[in-house]
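In case you want the letters, here they are:
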Amino acid sequence: MSDNSCIFCKIAAGSIPALRVFESPDAIAFLDIAPLAPGHTLLIPRQHFQSILDVPPDVLGRLSGHLPPLARAVMKVSGATGLNVLQNTGESSGQAVFHLHFHLIPRTEEDQLGFRWNAGTYGPGEDKAMQAGLLMALKAQ
Ligand code: 5GP
Ligand code: ZN
């Protein structure tokens, strides 16, 4: 399954170039063209899925199995002391390429990426209502 208009399908097929760092029968990883830090890498399945909303669990399981060795290599070669694994789902999350991908973003104490949680709080009872909603939504699947 591939999508003719999808840039990552074209990269997977080799019809547009990318600096590949990993290949397997089901997945490839390559350097992000606009890195947040040197070594910023993208891991994608060869098959076209938009995001974690439509990828079958077994495909996602195989794909995420490639994360540990890739993460170790990215950290080693970039000299990072930390790493963000990021998967954007939907435009409002910042997803720009609608072919499932994981970002591996090298981090250091000194970097200026500025990605820090801006944590909120629940009002009275809102957390329990959220828990009940999620339990029901999962049961319905
Ligand atoms: P998203 O915002 O969808 O989670 O991330 C898409 C990522 O793909 C961005 O970080 C962007 O720099 C990268 N990207 C977009 N087009 C290309 C391309 O043609 N080649 C490579 N190597 N990366 C790309
Ligand atoms: Zn695609």
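The model shown is predicted, which means the values in this text are computed figures rather than measured ones.

### Some details on the pattern of salt bridges
Across all of its chains, the model carries 4 salt bridges by this definition. Notably, a salt bridge pairs Glu23 with Arg20, separated by 3.0 Å at the nearest N-O pair. Given a relative accessible area of 45%, Glu23 falls into the partly exposed group. On the accessibility criterion, Arg20 (29% relative accessible area) is partly exposed. Notably, a salt bridge pairs Asp111 with Arg107, separated by 2.8 Å at the nearest N-O pair. Across the pair, Arg107 and Asp111 agree in class, each one buried. Through salt bridges with shared partners, a single network forms among Arg20, Glu23 and Arg46.

### A word on the site of ligand 1
Surrounding ligand 1, one finds 16 residues, the nearest of these being Asp32, Gly94, Ala96, His101 and His103. Contact distances for ligand 1 include 2.9 Å between a nitrogen atom and a backbone N or O atom of Leu31. In the model, an oxygen atom of ligand 1 is placed 2.8 Å from a nitrogen or oxygen of the His103 side chain. Look at ligand 1: alone it shows 520 Å² of surface, and the protein chains cover 81% of it. Among the elements of the structure, α1 (7–13) and β2 (27–31) are those that each provide at least two residues to the shell around ligand 1. Counting residues per element, the shell around ligand 1 draws most heavily on α1, at 3 residues. Among the residues making up the shell around ligand 1, the classes are represented as 10 nonpolar, 5 polar and 1 charged.

### Examining the nonpolar core
Residues Leu43, Leu63 and Leu104 are the most contacted members of the largest nonpolar core, which totals 13 residues. Breaking this core down by element, the ones donating at least two residues are β2, α2 (57–64), α3 (67–78) and β5 (102–107). It is α3 that contributes the most residues to this core, 3 residues altogether. One finds Cys9, Ile11, Phe30 and Leu42 within the second-largest nonpolar core, a separate group that totals 9 residues.

### Notes on a nonpolar patch on the surface
Judged by side-chain polarity, Leu19, Val21 and Leu31 come together as a nonpolar surface patch covering roughly 270 Å² of accessible area. The residue Val21 is located in strand β1 (residues 20–23) in this model. Overall, Val21 belongs to the partly exposed group, its relative accessible area being 47%.

### Some remarks on the environment of Val21
With 20 residues separating them along the chain, Val21 and Thr41 place their C-alpha atoms 8.4 Å apart. Beyond its immediate stretch of four places on either side in the chain, Val21 contacts Ala29, Phe30, Leu31, Thr41 and Leu70.

The rules behind these values
Residues numbered from 1 in each chain as written. Chains lettered and ligands numbered in written order. Predicted model: local features only at pLDDT ≥ 70, side-chain atom pairs only at ≥ 80, totals over all residues. Heavy atoms only, no water. Salt bridge = Lys/Arg side-chain N within 4 Å of Asp/Glu carboxyl O. Buried < 20%, exposed > 50% of the residue type's maximum accessible area, 1.4 Å probe, protein only. Near = heavy atom within 4 Å. Polar contact = N/O pair within 3.5 Å; in protein donor to acceptor, adjacent residues only side chain to side chain. Areas by Shrake-Rupley, 256 points an atom, 1.4 Å probe, with all protein chains shown as cover. Helix = DSSP H or I, 4+ residues; strand = E, 2+ residues; numbered from the N terminus. Nonpolar A, V, L, I, M, F, W, Y, C, P; charged D, E, K, R; others polar. Core = buried A, V, L, I, M, F, W, Y, C linked by side-chain atoms within 4.5 Å. Patch = residues over 30% accessible without salt bridge, like charges linked within 9 Å, V, L, I, M, F, W, Y side chains within 5 Å. Contact = heavy atoms within 4.5 Å.

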